[in-house]
Amino acid sequence: MTEYGQHSEVIETAARPRGFSPKLGEALRSAVKGLIDTVYPPQCIGCRSAVAEPSTLCPRCWSSVKFIERPFCERLGTPFEVDLGGPLLSPLAIAEPPVFERARSAVIYDGLGRALVHRLKYGDRLDLGLAMGRLMLLAGRDLIADADLVVPVPLHWTRLLKRRFNQAAVLSSTIASLSGLPHEPALLVRRKRTRPQYGLSRAERQANLQGALRVRDGMEPFVEGKRILLVDDVMTTSSTANAAARALLKAKASHVDVLSFARVVNGP
Ligand SMILES: [Zn+2]
C-alpha cells in the first residue's frame, strides 16, 4: 500500500462516528503522526534523505559507518585488523595500562562518524543525540550492565558558555534514560581550560591535563564504591579518560569504564 493510501484510510477511520473507543484513539494518534510525518518526514541523521523512523540512518549511510566490533583490545577498545582468537590486549594497553578499566566506542572517527560528532557539537542535537546514544548503548552493553552511575566528561565553563551545551552530557543523558541508570551530569568539573589534545606528545598531554579534572566538592559520596560509566563524544587518546578516571578513583570509585561515540584510530 502506498503511503498516501495508509494516511487516507487512517483519516477515514478516524472520521467515522463510532463514539470514543481505544481503537478510535489509536487511529487518531496515527492520523496525527501521519500528518506530522507528511509535514516533517523523518530524515536520515547522516544525509537527511527520507527514512521510515526518526533518529535513524538510511541503509546507505548505515553501510558507510565504520562500526567497531570484535576483535578489539579488551582494555582500550581499539579494533584489531585480524582475529587472533580469545580476549586480547593491544601492545599499547600492555605498555601503558590505562587508569580506567575498559573503553568502548560505537564507531571509528572517520567519514560519517566524524561528521556526526561535529554536527552534535555545533547544533542539531536532539535527533542526533538519540540516534548516537542508541548506537553507544549497543557498543557499551557490557559496560552498561555493570555500571552504577553515568557521568559525562565535562567541558570547561567558558566553553560551556560559548557552546551552550556539553555534547558529552547530551549523550550521557540519552544513555542514562535509555538504560535506566542514574545520571550525574555535574559530578566532574574541569578546573582549567585545556588545549586540544590532538597532536601533543604523551608527556605534553599529561602536563596539559594535570589536575584539570576533579570530582565536584561535596559530591564524593555519590562516587564512593560505585562503578562509574564515563561518557564522551570522541576519544582521541586515553589521556582525558585517564585524567577523569584518576579523579573518580581518588574519590573512591570502585571502577571506571569509558564509553564514547567515536574513536580515533591511527594507522591503516
Ligand atoms: Zn543517509
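For the structure, see preceding data.
The present account deals with the structure reproduced in this document. (Residues numbered from 1 in each chain as written. Predicted model: local features only at pLDDT ≥ 70, side-chain atom pairs only at ≥ 80, totals over all residues. Heavy atoms only, no water.)

### Overview of the overall build of the protein chain
The condition that has to hold: Counting from the N terminus, the helices are the DSSP runs of H or I reaching at least four residues and the strands are the DSSP runs of E reaching at least two. Each residue is assigned to one of three classes by its accessible area relative to the maximum for its type, calculated with a 1.4 Å probe on protein chains only: buried under 20%, partly exposed between the two thresholds, exposed over 50%. Contact between two residues is taken to exist if any of their heavy atoms lie within 4.5 Å; hydrogens are not considered. The Shrake-Rupley method, run with a 1.4 Å probe, gives the accessible areas here. Residue values count only the displayed protein chains as cover.
A count of helices and strands for the protein chain gives 12 helices and 6 strands. When burial is assessed residue by residue, the protein chain has 44% of its 268 residues classed as buried. Residue pairs in contact within the protein chain that sit at least 24 positions apart in sequence constitute 71% of those at least 6 positions apart. Just so you have it, the protein chain exposes about 14800 Å², and 57% of that area is on carbon and sulfur atoms.

### Digging into the sheet that holds strand S6 (residues 255-263)
Strand pairing in a sheet relies on backbone hydrogen bonds, with the paired strands running either antiparallel or parallel. Definition in use: DSSP-based pairing: two strands are paired if at least 2 bridges between them are found. To obtain an axis, a line is fitted to C-alpha atoms, over the contacting stretch when the element is a helix, and the angle between two such axes runs from 0 to 180 degrees between their N-to-C directions.
Taken together, the 4 strands give an open sheet; going across it, the order is S1-S6-S5-S2, and neighbouring strands pair in parallel fashion. Edge positions in the sheet fall to strand S1 (102-108) and strand S2 (149-152), since each of these pairs with one other strand and no more. Each neighbouring strand pair of the sheet contributes to a mean axis angle of 20°, computed without reference to strand direction. With 4 bridges connecting them, S2 and strand S5 (residues 227-235) associate as parallel partners. Bridge assignment links Val150 to a residue of S5, and that residue is Leu229.

### Overview of the side chain of Asn166
What counts, and what does not: N or O atoms closer than or at 3.5 Å make up a polar contact, with two conditions inside protein: a donor-capable atom paired with an acceptor-capable one, and, for residues adjacent in sequence, both atoms drawn from side chains.
Within the fold, Asn166 resides in the loop between helix H8 (157-163) and helix H9 (167-179). A polar atom in the side chain of Asn166 sits 3.0 Å from the backbone oxygen of Val153. Those residues in contact with Asn166 that lie beyond four places of it in its chain are Pro152, Val153, Pro154, Leu155 and Leu160.

### A word on the pattern of salt bridges
Going by this rule: Criterion for a salt bridge: a side-chain nitrogen of Lys or Arg within 4 Å of a carboxyl oxygen of Asp or Glu.
If you walk through the whole model with that rule in mind, you get 7 salt bridges. Here Asp146 and Arg102 are joined by a salt bridge, their closest N and O atoms 3.0 Å apart. Here the residue Asp146 occupies a position in helix H7 (residues 141-146), and Arg102 occupies one in strand S1, the gap between them amounting to 44 residues. What makes Asp146 partly exposed here is its relative accessible area of 37%. Given the relative accessible area of 16%, Arg102 is considered buried. Taking the shortest distance from any N to any O, the salt bridge between Arg102 and Asp257 comes out at 2.9 Å. With Arg102 in strand S1 and Asp257 in strand S6, this residue pair connects regions lying 155 residues apart in the sequence. Asp257 sits in the buried class, given a relative accessible area of 1%. Salt bridges sharing partners connect three or more residues here, namely Arg102, Asp146, Arg227 and Asp257.

### Some points on the coordination of the zinc ion
Put simply, the rule is: Any nitrogen, oxygen or sulfur atom within 2.8 Å of a metal ion counts as a donor, with the limit raised to 3.2 Å for Na, K and Ca, and since water is left out, coordination shells can look unfinished. Key to geometry: four donors with every angle between 85 and 135 degrees are tetrahedral; four donors are square planar and six octahedral where opposite donors lie over 155 degrees apart and all remaining angles lie between 65 and 115; all other sites are irregular.
Within the protein, Cys44 (SG), Cys47 (SG), Cys58 (SG) and Cys61 (SG) serve as the donor atoms for the zinc ion, at 2.3 Å. Geometry at the zinc ion is tetrahedral, judged from the 4 donor atoms that bind it and their angles of 107 to 114° at the metal. Between consecutive donor residues of the zinc ion, the sequence gaps follow C-x2-C-x10-C-x2-C. Note on Cys58: relative accessible area 8%, which makes it buried.

### A word on the packing of aromatic side chains
The following threshold applies: Planes of paired rings set the category: under 30 degrees apart is stacked, over 60 is edge-to-face and the rest tilted, where pairs are Phe, Tyr or Trp rings (Trp by its six-membered ring) whose centres lie within 6.5 Å. Here, a charge over a ring means that NZ of Lys or CZ of Arg falls within 6 Å of the ring centre while also lying within 35 degrees of the ring normal.
This model, assessed by the stated rule, comprises 1 aromatic pair. Aromatic pair Trp62 and Phe67: ring centres 4.8 Å apart, planes at 45°, arrangement tilted. For Trp62, a relative accessible area of 43% puts it in the partly exposed group. The class for Phe67 is partly exposed, based on a relative accessible area of 24%. For Arg114, the ring lying beneath its charged end belongs to Tyr109, and the centroid distance is 5.1 Å.

### Structural notes on unusual backbone geometry
Omega for the peptide link from Arg70 to Pro71 comes to 5°, which places this bond in the cis form. Here Pro71 is to be found in the loop between helix H3 (59-64) and helix H4 (91-95). The backbone phi angle of Ser55 is positive, close to 60°, even though this residue is not glycine. Note on placement: Ser55 falls in the loop between helix H2 (22-39) and H3. A positive phi angle, near 75°, is found at Lys252, a position not held by glycine. On the secondary structure map, Lys252 appears in the loop between helix H12 (239-250) and S6. According to the relative accessible area criterion, Lys252 is exposed, its value standing at 53%.

Such coordinate-based values are descriptive only and should not be taken to indicate function.
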